[in-house]
Amino acid sequence: MTTDVTVTDEAVASLEGTADPRLRELLTGLIRHLHAFARETGLTQAEWERAIGFLTETGKMCTDTRQEFILLSDVLGLSMLVETINGDRAAGSTESTVLGPFHMTESPVRELGANIDLVGGGEPCVVSGRIVSGDGTPLPGAVLDVWQADGNGFYDVQQPDVQPPGNGRGLFTADAEGRFWFRTCVPSPYPIPTDGPVGELLKATARHPYRPAHIHFIASAEGHAPVTTHIFVAGSDYLDSDAVFAVKQSLVEDFTPTDDSSLAREFGIENPFRHARFDLVLDRA
């Protein structure tokens, strides 16, 4: 006869024919932890049904341009936990952080120095640096995928009637010395989407939805492990209370006020402007 104790062993035993050993390991752990959670909390039938309904509504919110399940993983700290578990990088390498829910569309290929801020309205800035190997060797031809919200805190896919597709996005190729640079606007703090189940969860738990100002990056180069990361604007609100727990001190960068007409001409931007400089350091694969 099945009991609240034996059902766990029975469910685990049902996996004995699983051909993939890693799949069997993962499902075994999932079953044991889920069952332990239900027993520990005394999960009721009504609470279980509500949880199923919540996950169902989360799935309904997912589209080609929005991933509510990633957002849910983010606000529960799971995304950052997985990144941290798998982010064992060499000392001095750029630290990784969460992908976020808005890398759901391809970034347009752009020339170095291009402006990814197609709508204006934010404070102009230049982001520049190098992509290098762990020993400082430049990585010519390295690829840098960039995406960010506009000056009002919205991604292009959130405002298809306001922002042109690809606003705030760019796919750049580093030059022969591993250098990259592009123009944009200084990002601002913004709330993650709260019009779905994740927003309801935040409201129910009295949590704010805000993220500090940041720009997303994925850097990759032949023979090296890619890194998914951000740079956060130093002094931004919410650095100490990011809704998705993604801030690492090494990723906080100054967006320095710059009043240099010759440098402005070099970058093709009006003076004065803000300038963020940083290098992306990749581990060898």
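Provided above is the structure to which this section pertains.
What you see is a predicted model; the values in this text were computed from it and never measured.

1. Side note on the pattern of salt bridges
Link 1 in the chain: One pass over the full model with this rule turns up 11 salt bridges.
Link 2 in the chain: Among the ionic pairs, Arg22 bridges to Glu25, the shortest N-O distance being 3.0 Å. You can see Arg22 and its partner Glu25 sitting in helix α2 (residues 21-41), three residues apart, about one turn around the helix.
Link 3 in the chain: Lys60 is the partner of Glu57 in a salt bridge, and the nearest nitrogen-oxygen pair spans 3.4 Å. In this pair, Glu57 and Lys60 both sit in helix α3 (residues 45-60), three residues apart, roughly one turn of the helix.
Link 4 in the chain: On the accessibility criterion, Lys60 (61% relative accessible area) is exposed.
Link 5 in the chain: One network of salt bridges, in which partners are shared, links Arg66, Glu68 and Asp195.

2. Brief notes about the pairing of strand β8 (residues 227-233)
Link 1 in the chain: The buried fraction of β8 amounts to seven of the seven residues, a majority that puts the element mostly inside the structure.
Link 2 in the chain: Because side chains alternate across β8, one face comprises the buried residues Val227, Thr229, Ile231 and Val233, and the other comprises Thr228, His230 and Phe232, equally buried.
Link 3 in the chain: Where strand β7 (residues 214-220) meets β8, six bridges bridge the pair, whose relative direction is antiparallel. Residue pairing in the sheet places His216 in a bridge with His230 of β8.
Link 4 in the chain: Linking two consecutive strands that pair antiparallel, namely β7 and β8, is a turn of six residues; a positive phi of about 80° is found at Gly223 within it.
Link 5 in the chain: Bridging between β8 and strand β9 (residues 252-253) involves two bridges; their strand directions are parallel. Of the residues in β9, the one forming a bridge with Val233 is Glu253.

3. Some points on the side chain of Asp242
Link 1 in the chain: Along the chain, Asp242 falls in the loop between β8 and β9.
Link 2 in the chain: Look at Asp242 and you get buried, because its relative accessible area is 6%.
Link 3 in the chain: Engagement of the side chain of Asp242 in a polar contact is seen with the side chain of Arg211, the distance being 2.8 Å.
Link 4 in the chain: When residues no more than four places from it in sequence are discounted, the contact partners of Asp242 are Tyr210, Arg211, Pro212, Phe232 and Val247.

4. Focus on the layout of surface pockets
Link 1 in the chain: Of the pockets and cavities examined, the largest pocket occupies roughly 1200 Å³.
Link 2 in the chain: Forming the walls of the largest pocket are 28 residues, and the residues nearest its centre are Phe37, Ala51, Ile52, Phe54 and Leu55.
Link 3 in the chain: Broken down by secondary-structure element, the contributors of at least two residues to the lining of the largest pocket are α2, α3, α4 (68-75) and α6 (197-204).
Link 4 in the chain: If one sorts the elements of the lining of the largest pocket by residue count, α3 sits on top with nine residues.
Link 5 in the chain: When the residues that make up the lining of the largest pocket are grouped by side-chain class, the tally is 17 nonpolar, seven polar and four charged.
Link 6 in the chain: Estimated volume of the second largest pocket: approximately 200 Å³.

5. A word on the side chain of Arg274
Link 1 in the chain: With respect to the helices and strands, the residue Arg274 is situated in strand β11 (residues 273-277).
Link 2 in the chain: Take Arg274: its relative accessible area is 17%, and that puts it in the buried class.
Link 3 in the chain: A distance of 2.9 Å separates the side chain of Arg274 from the side chain of Glu123, its partner in a polar contact.
Link 4 in the chain: Excluding anything up to four places from it in sequence, Arg274 contacts Glu123, Pro124, Cys125, Val126, Val186, Val233, Phe255, Thr256 and Pro257.

6. A look at the packing of aromatic side chains
Link 1 in the chain: Under the counting rule described, the total for this entry stands at seven aromatic pairs.
Link 2 in the chain: Between Phe172 and Phe182 the ring centres are 5.2 Å apart and the planes differ by 15°, which places this aromatic pair in the stacked class. With Phe172 in strand β3 (residues 169-173) and Phe182 in strand β4 (residues 179-185), the pair connects residues that are 10 residues apart, well separated along the chain. Each member of the pair, Phe172 as well as Phe182, carries the same accessibility label: buried.
Link 3 in the chain: Ring pairing ties together the aromatic residues Phe172, Phe180, Phe182, Phe217 and Phe278, which thus form one cluster.

7. Overview of the sheet that holds β3
Link 1 in the chain: Spatially, β3-β2-β7-β8-β9 is the arrangement adopted by the five strands of the open sheet, whose pairing is mixed. One side of each edge strand has no neighbouring strand; the edge strands of this open sheet are β3 and β9.

The rules behind the values
- Residues numbered from 1 in each chain as written.
- Predicted model: local features only at pLDDT ≥ 70, side-chain atom pairs only at ≥ 80, totals over all residues.
- Heavy atoms only, no water.
- Salt bridge = Lys/Arg side-chain N within 4 Å of Asp/Glu carboxyl O.
- Helix = DSSP H or I, 4+ residues; strand = E, 2+ residues; numbered from the N terminus.
- Buried < 20%, exposed > 50% of the residue type's maximum accessible area, 1.4 Å probe, protein only.
- Pairing = 2+ DSSP bridges.
- Polar contact = N/O pair within 3.5 Å; in protein donor to acceptor, adjacent residues only side chain to side chain.
- Contact = heavy atoms within 4.5 Å.
- 1 Å grid on protein atoms, 1.4 Å probe; cavity = no way out; pocket = protein on both sides within 12 Å on 5 of 7 lines; lining within 4 Å.
- Points joined across faces, edges and corners; volume = space filled by probe spheres on them.
- Nonpolar A, V, L, I, M, F, W, Y, C, P; charged D, E, K, R; others polar.
- Phe/Tyr/Trp six-rings, centres within 6.5 Å; stacked < 30°, edge-to-face > 60°.

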